[in-house]
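For reference, the chains in residue letters:
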Amino acid sequence: MYFRKKTSGGRAYLQIVESRRDGGQVRQQVIATLGRYEDLRESGQLERLLRSGARFSCKAMVVDAVQDGSATVSEVRRLGPALVFERLWEETGCRAVIEELAGKRKHEFALERAVFLTVLHRLFAGGSDRAADRWREDYQIDGVEGLDLHHLYRAMAWLGEELPGDEQDGRTLAPRCLKDVMEERLFAKRRDLFSKLDLVFMDTTSLYFEGAGGQTLGRHGFSKDHRPDLHQMILAVLLDGDGRPVCTEMWPGNTADTGSLVPVVDRLRKRFSIGRVCIVADRGMISAQTIAELEARGLFYILGVRERSDKLVRDLVLDDPAPFVPLTITKRPKSVDYEAKAVTLAGRRYIVCRNHDEAKKDAADRAAILAALERQLKKGDKALVGNTGYRRFLASTSEDRFAVDYAKAEQDAKFDGVFVLRTNTDLAPLDAMLCYKQLTMVEQTFRTAKSLFATRPIFHKVDETIRGHVSCSFLALVLKKELEERIADLGRKGSWPDIIADLDSLTETKVEQDDKCFLMRSPPRPAASLALTAAGVALPPTVRQVNQA
């Protein structure tokens with residue numbers, strides 16, 4: 001039933017109308033005519049009628065009481081984060097795996113809840129476990145009421161705990177830990193007859209510590225964060241061919257990338273019982289010894305090559321006259337033109353690739369440098385020597401004079417938009433190029449892990465809690481990837497910052513009215529609605545009555 005304003009003979013009347021279905025038609029029946037609309041409004045009878053009816057509608061009373069300030073608002077809790085990611089936590093198997101592993105011991109607190117709280121905090125705020133303990137006070141998360149800060153520390157230590165000596169089979173650069181067992185069981189839960197791990201993407205980064213960084217992990221080394229003054233650790237994340245996180249590896253901060261690839265591959269094959277595997281890695285991972293060891297193990301690889309510093313590639317491979325095979329990749333709102341060709345030289349197979357958009361950009365950048373050089377040389381050339389961008393296009397004409405070296409500029413042009421791969425696979429050039437380009441997923445994952453998930457700061461003092469702290473970022477990546485895949489399955493695209501912000505804005509307000517307690521939910525924003533639909537989660541009622549307790 002609903003109110004309807006009916007105009008007749010130039011006068012408006014207020015009616016109560018019922019709409020009902022009669023066969024295939026919808027018919028309306030007037031229940032009562034309350035009188036002329038103007039008279040009801042001016043006399044205040046309409047307001048009194050609505051208030052009288054509202055006594056039998058708790059929801060209307062609560063909303064009206066909150067708007068006019070007569071209700072008592074005691075607290076506001078954010079419910080969007082746990083509402084979506086609690087469902088994904090269960091359906092990805094994370095909850096079951098944690099509970100199964102924790103069930104072997106009798107902990108005096110809800111360990112699985114402590115891990116979930118830390119993972120959820122990593123998704124929405126990031127930072128230390130102490131920050132997570134404060135952050136949860138504003139959120140509605142089931143089962144975390146009895147947790148204290150020391151419980152979070154104990155959960156991190158449990159995740160990073162080193163396994164007994166008889167379970168260290170396959171140990172390489174790092175010991176086997178409980179978090180490794182967790183990763184293996186998560187992979188087994190999503191593995192079926194049709195899934196396989198034959199394409200692996202790997203990249204590494206450094207994470208620095210505010211303190212010493214544990215007994216073995218914290219070491220001085222090459223810092224990708226430009227903080228050589230601090231101890232650091234090396235973190236590697238491995239993704240499968242679909243971009244799903246498979247596992248993490250953590251090593252002391254002085255471990256070189258070129259020495260880490262082969263041990264990781266050996267450990268990966270033992271951990272996940274895989275046979276045929278193709279390693280896709282960036283040029284920072286490559287060395288002659290690495291390639292020799294991969295080939296000795298019969299492993300396939302697609303590795304980036306330093307085309308400027310590798311003399312064989314620079315002087316012979318790039319000058320090979322074989323024709324390129326073109327490919328256009330559509331990236332909304334534009335298309336990008338690529339081309340690739342295979343070159344076999346000295347028993348090695350190279351794939352030469354070119355991105356035409358990057359080639360145009362490189363050419364424009366070089367032209368800008370040359371123009372700036374010419375302008376600067378007219379003013380004096382002393383300051384140019386220390387500028388590496390300028391220096392590579394300079395030639396010395398006398399002891400203290402310089403000129404633009406256009407021959408170097410012409411030689412530099414052959415590198416425009418070019419990247420070179422070395423592989424022992426028989427993949428077609430374009431297929432090998434596309435596999436390598438998927439490595440950008442790993443790079444995006446690292447940007448996510450280091451900024452969006454804010455793995456730092458890491459204040460833990462022992463290896464166990466450090467490993468557990470970083471493992472929670474891995475679990476957060478698992479949940480993020482699951483949500484993104486479900487959104488893609490709906491044929492939709494969602495901005496991750498918008499999803500996080502809109503879920504964080506979804507709240508429930510506790511309202512006390514006439515000795516009764518209610519929870520009043522805010523309306524969801526668009527990105528939150530998309531995430532809720534993708535996760536298959538229904539919103540709670542707009543207003544619901546709860547017990548005072």
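Throughout what follows, the structure given in this document is the object of discussion.

How each quantity is defined
- Residues numbered from 1 in each chain as written.
- Predicted model: local features only at pLDDT ≥ 70, side-chain atom pairs only at ≥ 80, totals over all residues.
- Heavy atoms only, no water.
- Salt bridge = Lys/Arg side-chain N within 4 Å of Asp/Glu carboxyl O.
- Helix = DSSP H or I, 4+ residues; strand = E, 2+ residues; numbered from the N terminus.
- Buried < 20%, exposed > 50% of the residue type's maximum accessible area, 1.4 Å probe, protein only.
- Phe/Tyr/Trp six-rings, centres within 6.5 Å; stacked < 30°, edge-to-face > 60°.
- Lys NZ or Arg CZ within 6 Å of the ring centre and 35° of its normal.
- Expected span 1.5 Å × (residues − 1).

**What about the pattern of salt bridges?**
All chains considered together, the criterion is met by 33 salt bridges. In this structure, Glu91 and Arg87 form a salt bridge, with 4.0 Å as the shortest nitrogen-oxygen distance. Here the residue Glu91 and the residue Arg87 both occupy positions in helix 4 (residues 80-91), the gap between them amounting to 4 residues, near one helical turn. With its nearest N and O atoms 2.7 Å apart, the salt bridge here joins Glu339 to Arg354. With Glu339 in strand 11 (residues 334-345) and Arg354 in strand 12 (residues 348-355), the pair connects residues that are 15 residues apart, well separated along the chain. According to the relative accessible area criterion, Glu339 is buried, its value standing at 14%. Residues joined in a network through salt bridges with shared partners are Arg176, Lys179, Asp180, Glu183, Glu184, Glu249, Arg267 and Arg271.

**So, the packing of aromatic side chains**
Tallied over the entire structure, the rule returns 5 aromatic pairs. Considering the side-chain rings of Phe419 and Tyr436, the 6.2 Å spacing of their centres and the 25° angle between planes classify their relative orientation as stacked. With Phe419 in strand 15 (residues 418-423) and Tyr436 in helix 16 (residues 429-437), this pair connects stretches of sequence that are 17 residues apart. This pair shows no difference in class: Phe419 is buried, exactly as Tyr436 is. By way of ring pairs, the aromatic residues Phe85, Phe124 and Trp496 are connected into one cluster. Above the plane of the ring of Tyr37 lies Lys5, whose end atom (NZ or CZ) is 5.0 Å from the centre.

**Some remarks on helix 4**
Residues spaced three or four apart along an α-helix point in a common direction, a consequence of the helix completing one turn every 3.6 residues. In this model helix 4 runs 17 Å from its N-terminal to its C-terminal C-alpha over 12 residues, within 8% of the 16 Å that 1.5 Å per residue would give. Gly80, Pro81, Ala82, Val84, Phe85, Glu86, Leu88 and Trp89 are the residues of helix 4 that are buried. Among the residues trailing helix 4, Gly93 stands out with phi positive, at a value near 90°.

**With respect to unusual backbone geometry**
Non-glycine residue Ala346 carries a positive phi angle of around 55°. On the secondary structure map, Ala346 appears in the loop between strand 11 and strand 12.

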